[in-house]
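Working through the structure, step by step
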2 protein chains.
Amino acid sequence: MEVIMKKVKIALLGLGTVGKGIFNILKTNNEEITKRAGYDIEIAKILVRDKNKNRDIDVDENIITTNFEEVLYDESIDIIVEVIGGLQPAYEYVISALKNKKHVVTANKLLIASKGDELISIANEEGVSLYYEASVAGGIPIIHSIKESLTANKIEEIIGIMNGTTNYILSKMTEEGLSYETALKEAQAKGYAEADPTSDVGGYDALYKLRILTSLAFGCSVDIDKIYREGIESIKPIDIDYAKEFGFTIKLLSMVKEKSGALEMRVHPTMIPSTHPLANVNDSFNAIFVKGNAVGELMYYGRGAGELPTGSAVVGDIISILRNGLNNSIIAKKEDDCSNIEVSSMEKTKSEYYIRLSVKDEPGVLSKVSTILGENDVSIFSVIQKGKSKEFVPLVFVTHKTYEGNIKKSIDSIKKLPVVNKIESLIRVENLK
Amino acid sequence: MEVIMKKVKIALLGLGTVGKGIFNILKTNNEEITKRAGYDIEIAKILVRDKNKNRDIDVDENIITTNFEEVLYDESIDIIVEVIGGLQPAYEYVISALKNKKHVVTANKLLIASKGDELISIANEEGVSLYYEASVAGGIPIIHSIKESLTANKIEEIIGIMNGTTNYILSKMTEEGLSYETALKEAQAKGYAEADPTSDVGGYDALYKLRILTSLAFGCSVDIDKIYREGIESIKPIDIDYAKEFGFTIKLLSMVKEKSGALEMRVHPTMIPSTHPLANVNDSFNAIFVKGNAVGELMYYGRGAGELPTGSAVVGDIISILRNGLNNSIIAKKEDDCSNIEVSSMEKTKSEYYIRLSVKDEPGVLSKVSTILGENDVSIFSVIQKGKSKEFVPLVFVTHKTYEGNIKKSIDSIKKLPVVNKIESLIRVENLK
């Protein structure tokens, strides 16, 4: 039986790392992809900023353009793939594409985290699809799983390592004892971190991803500014060493938990038991734990970034659109069913805490500190006090579970003790089982 | 806006562990499921063998029947869920259901592994859907991921812990030093192993699951009898101890790898590096590694069995069918595009090997053994020789990578050495990175 293969034209906006990945995957796996999609996929246009940039990729010059309108008004193009990143001009381009009845696939976490609701509404109105699997955890099909596979569950919590750059840095610090600054430089040299690393090391990237997963899992549109965020910039090798002594490993975690009708959402460096699977996720890998009330605990582990893993997710989305049929749209869920859900304030969240002080080396310091803690309903789980010095010595402890508000009050008072030189660090501990 | 919710009737065949899980999930998560499916799902009939059995579940007696035809010819029922297990009568029931234009969801790995091709053909002919997410790894959405998310990839290999019972037994043996027999009894007491545990401990269950994933990932229909299978019955605590000394952990792995156009498929106890994520999958958890040429390495981890995790997968499938629309069928892929692919014979597969001999305690034994190995192109990577005895002492070694054929020839000759008492064990080693 001879099959006359249908053809479909797509356009890429952007030809950076991810764009090249998509180009290469469509070429290398052409036979399989054509069979699975039921379409022969042709990249008909690629929008770039600079036509003359050397891209080290074998692409037909005639399809490269610097003019978005050439893409937008090309009626032969059915799917537009946005891999520029950043908010502008991606936002404007995606809106125009949807309004011109193009299906859109994007890998842009900032765009989806901040404008997803609006874009989904527009896609639904226009009867086209908007897919964004690559926006969270690169090649790991976490979005598809939550949307399509875990539908029988009430999701109770999601906890994950969602940023590969910071995980690389923390892994290097943990395994090789490097300082934050040295590990960051290594990450930059390897291309894992950008020249301005703020979005990664400051926890913003992890925050966008958490925001996207939360909207899918809990059906809630949460204001990004309401989510607590703390980066890894102030993590010191000494804290990593103390963590090891307590049996913990430090990871940048993104977390959302539903607790009595409110959402607890936060992104911050966290000490977790070194025996927990998440503690053993190293290098630039990502891993996401999902807890559902039927499925129990699930974990996904894989490459959260990179040309081919991210490209894998984008091309998977393109194939999904083609399988659904170009004249069908998948009605994306609008996040309007949890208007009364609140994001808990950090004061009201509960955690265990690792606190490192530098204190005067004299008797009675621990007693003074623990009195203050006791007055604020904080009890100490474990203490390490070491060394002798004419100057200051470290006093390190981990508390039992308590409200963050109690910790803040304690810290405010401890700071004022004459025997205390400085609060050197405060890191939350999650005693994951 | 008032929404008049559509209703759909389904039937369960079987009300054992999984059946109860489905019943409970539909009840507990009714609100979320109705919203996501777009249908109010009603269990209209439940087929059981014995109506009078005490089931410890609050189900309307009027919907319980022992007569399959009452289900089959009830035109108000659109979806039939098969959770009886075993080949007969499940096979007959599913065929009848499909031929009567019912969509079918099944959790039956034996059925899909041995009759999947035929059932898929019938479903396609009849224009109905056949879903079976729960048949592999319980709640882990591995089938959906391979079918829908990793479509941009050529899958290169799948390696997994696909049976929770054997993983529980091996974990207990590893952590607590239990014998196989004692650990099995514990597993039976906990309900993890059946009275006749053969299907689990003999590796059959893991084999069915491997067969199902292979057909999806490689598009190949493989004869079950061609897949090498070995259970965990002969694993001894002493081998687990030696494994630890070599830095390995023993797991029952199911593996498929594509190598130069042939498939290497096998299920057997395997030593893997204790630092590998799969080595840290304990208790009754399952975990599956997938390697794609774009996405790289992905791992899925979760509960591979149990009432609610398996129910989660089944109900997820029901929701998928409803979302696709009851008048649509998802054309399942027939496995006809790899008729020329071969399953490699074990002789031609390559591995490292752990071999434990009991030998006479006299000089020159290692030299005699290693001479034979050398003649068969096998070289030793590491040796442990311990203890003194008038009788026999263990001689334990791990080889470098070699063909299984070479190992077999070596073993045949080593067996005949007068200084060798017995080949105590031979376990394959996979040096997973």
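In this text, all values refer to a predicted model and were calculated from it rather than measured experimentally.

Scoring rules and cut-offs
- Residues numbered from 1 in each chain as written.
- Chains lettered and ligands numbered in written order.
- Predicted model: local features only at pLDDT ≥ 70, side-chain atom pairs only at ≥ 80, totals over all residues.
- Heavy atoms only, no water.
- pLDDT = per-residue confidence, 0-100.
- Least-squares fit on C-alpha atoms with pLDDT ≥ 70 in both.
- Contact = heavy atoms within 4.5 Å.
- Pairing = 2+ DSSP bridges.
- Helix = DSSP H or I, 4+ residues; strand = E, 2+ residues; numbered from the N terminus.
- Buried area = accessible area lost by both parts, 1.4 Å probe.
- Salt bridge = Lys/Arg side-chain N within 4 Å of Asp/Glu carboxyl O.
- Polar contact = N/O pair within 3.5 Å; in protein donor to acceptor, adjacent residues only side chain to side chain.
- Nonpolar A, V, L, I, M, F, W, Y, C, P; charged D, E, K, R; others polar.
- Core = buried A, V, L, I, M, F, W, Y, C linked by side-chain atoms within 4.5 Å.
- Buried < 20%, exposed > 50% of the residue type's maximum accessible area, 1.4 Å probe, protein only.
- Arc of directions from axis to C-beta.
- Axes fitted to C-alpha atoms, helices over the stretch in contact; angles between N-to-C directions.
- Parallel < 35°, antiparallel > 145°, perpendicular 65-115°, else oblique.
- Left-handed = near helix turned anticlockwise from the far one by under 90°.

Next up on the list: the confidence of the model for chain A. Looking at chain A, the pLDDT average stands at 93 and 96% of residues meet or exceed 70. Taken together, the chains of this predicted complex give a pTM of 0.92 and an interface ipTM of 0.91.

Turning next to the relation of the copies chain B and chain A. In the superposition of chain B on chain A (RMSD 0.0 Å, axial shift 0.0 Å), the rotation amounts to 180 degrees. Both copies are brought into coincidence by an operation consistent with a two-fold rotation axis. Across chain B, the rotation axis passes nearest the C-alpha of Y300 of chain B, at a separation of 2.4 Å. Most of the interface of chain B is mirrored in chain A, where 100% of its interface residues are also at the interface.

Once that is clear, we can look at the sheet that holds strand 4 (residues 77-82) of chain A. All names here are of chain A. Read across the sheet, six strands follow the order 3-2-1-4-5-6 without closing on themselves; strand pairing throughout is parallel. Since the sheet does not close on itself, it has two edges, and those belong to strand 3 (64-65) and strand 6 (130-131), each with one partner. Relative to strand 2 (residues 39-47), strand 1 (residues 6-13) is paired through eight bridges, and the arrangement is parallel. In the sheet register, K9 faces strand 2, and the bridge partner there is E42.

Right, let's talk about the interface of chain B and chain A for a bit. Counting from both sides, the interface comprises 43 residues of chain B and, opposite them, 43 residues of chain A. Taken together, the two surfaces of chain B and chain A that pack against each other cover about 3,500 Å², and 49% of this comes from carbon and sulfur. Taken as a group, R36, T151 and Y301 of chain B account for 16% of the area that chain B buries against chain A, more than any other trio of residues on that side. Linking chain B with chain A are two salt bridges, by the criterion used here. For R323 of chain A, the salt bridge goes to E148 of chain B, with nearest N and O atoms at 3.3 Å. At the surface where chain B touches chain A, the tally comes to 17 residue pairs in polar contact (both at pLDDT 80 or more). Residue contributions to the side of chain B that touches chain A peak at eight residues, all from helix 12 (residues 307-324) of chain B. Partitioning the side of chain B that touches chain A into residue classes produces 20 nonpolar, 13 polar and 10 charged.

Our next topic: the sheet that holds strand 2 (residues 39-47) of chain B. With parallel pairing, the six strands of this open sheet are ordered in space as 3-2-1-4-5-6 (chain B). Lying at the two open borders of the sheet, with one neighbouring strand each, are strand 3 (64-65) and strand 6 (130-131) of chain B.

Side chains of nonpolar character tend, in soluble globular proteins, to be buried together. Counting 173 residues, the largest nonpolar core has I142 and I158 of chain A together with I142 and I158 of chain B as the members making the most contacts within it. Setting aside residues up to four positions removed in sequence, I158 of chain A forms contacts with I146, L213, A217, S254, M255, V256, I288, F289 and V290 of chain A.

Residues and elements named next belong to chain A. Mapped onto the elements, S135 comes out in the loop between strand 6 and helix 6 (142-149). Owing to a relative accessible area of 1%, S135 belongs among the buried residues under this scheme. Engagement of the side chain of S135 in a polar contact is seen with the backbone oxygen of Y132, the distance being 2.7 Å. When residues no more than four places from it in sequence are discounted, the contact partners of S135 are T106, A107, N108, K109, I143, K209 and I212.

Okay, the pattern of salt bridges next. One pass over the structure, following the stated rule, counts 36 salt bridges over all chains. Residues E126 of chain B and K101 of chain B are paired through a salt bridge, measuring 2.9 Å at the closest nitrogen-oxygen approach. Of the two residues, E126 of chain B is situated in helix 5 (residues 109-126) and K101 of chain B in the loop between helix 4 (90-99) and strand 5 (103-106); the sequence distance between them amounts to 25 residues. Via salt bridges that share partners, K257, K259, E264, R266 and E430 of chain A belong to a single interconnected network.

What follows is about the side chain of D74 of chain B. Mapped onto the elements, D74 of chain B comes out in the loop between helix 3 (68-72) and strand 4 (77-82). Excluding residues that lie within four positions of it along the chain, D74 of chain B makes contacts with K45 and K102 of chain B.

We now examine helix 11 (residues 237-246) of chain B. Residue and element names in this part refer to chain B. Looking at helix 11, one finds that the buried residues are D239, I240, Y242, A243 and F246. Buried residues in helix 11, looked at end-on, bunch into an arc of 165 degrees, giving them a common side. Where helix 11 ends, the next residue or the one after it, G247, has phi of about 85 degrees, a positive value.

Interaxial distance between helix 12 (residues 307-324) of chain A and helix 6 (residues 142-149) of chain B falls to 9 Å at its minimum, and their mutual angle equals 80 degrees. When the axes of helix 12 of chain A and helix 6 of chain B are compared, the pair comes out roughly perpendicular. Of the residues in helix 6 of chain B, those in contact with S312, G316, S320 and R323 of chain A of helix 12 of chain A are K147, E148 and S149 of chain B. The residue inventory of the contact of helix 12 of chain A with helix 6 of chain B, partitioned by class, reads no nonpolar, four polar and three charged.

On to the packing of helix 13 (residues 365-375) of chain B against helix 14 (residues 404-416) of chain B, then. Residue and element names in this part refer to chain B. Relative to each other, helix 13 and helix 14 sit at 150 degrees, their axes nearing to 9 Å. Judged on the interaxial angle alone, helix 14 and helix 13 are roughly antiparallel. Helix 14 is crossed by helix 13, and the crossing has right-handed handedness. When helix 13 is examined against helix 14, the residues V369, I372 and L373 are found in contact with a partner set consisting of S410, S413 and I414. Broken down by class, the residue content of the contact of helix 13 with helix 14 amounts to four nonpolar, two polar and no charged.

All names here are of chain A. Of all 12 residues that make up strand 10 (residues 262-273), 12 are buried, and the element is covered over most of its length. Pairing of strand 8 (residues 228-229) with strand 10, which is carried by two bridges, proceeds in the parallel orientation. Across the sheet, R229 pairs through a bridge with V267, a residue of strand 10. Pairing of strand 9 (residues 248-259) with strand 10 involves 12 bridges; the strand directions are antiparallel.

So, on to the environment of N421 of chain B. All names here are of chain B. Relative to the helices and strands, N421 is located in strand 18 (residues 420-429). For N421, a relative accessible area of 39% gives the class partly exposed. Distance from N421 to K360, taken between C-alpha atoms, is 7.0 Å for residues 61 residues apart in sequence. What N421 contacts, discounting residues up to four positions off in sequence, is S358, V359 and F392.

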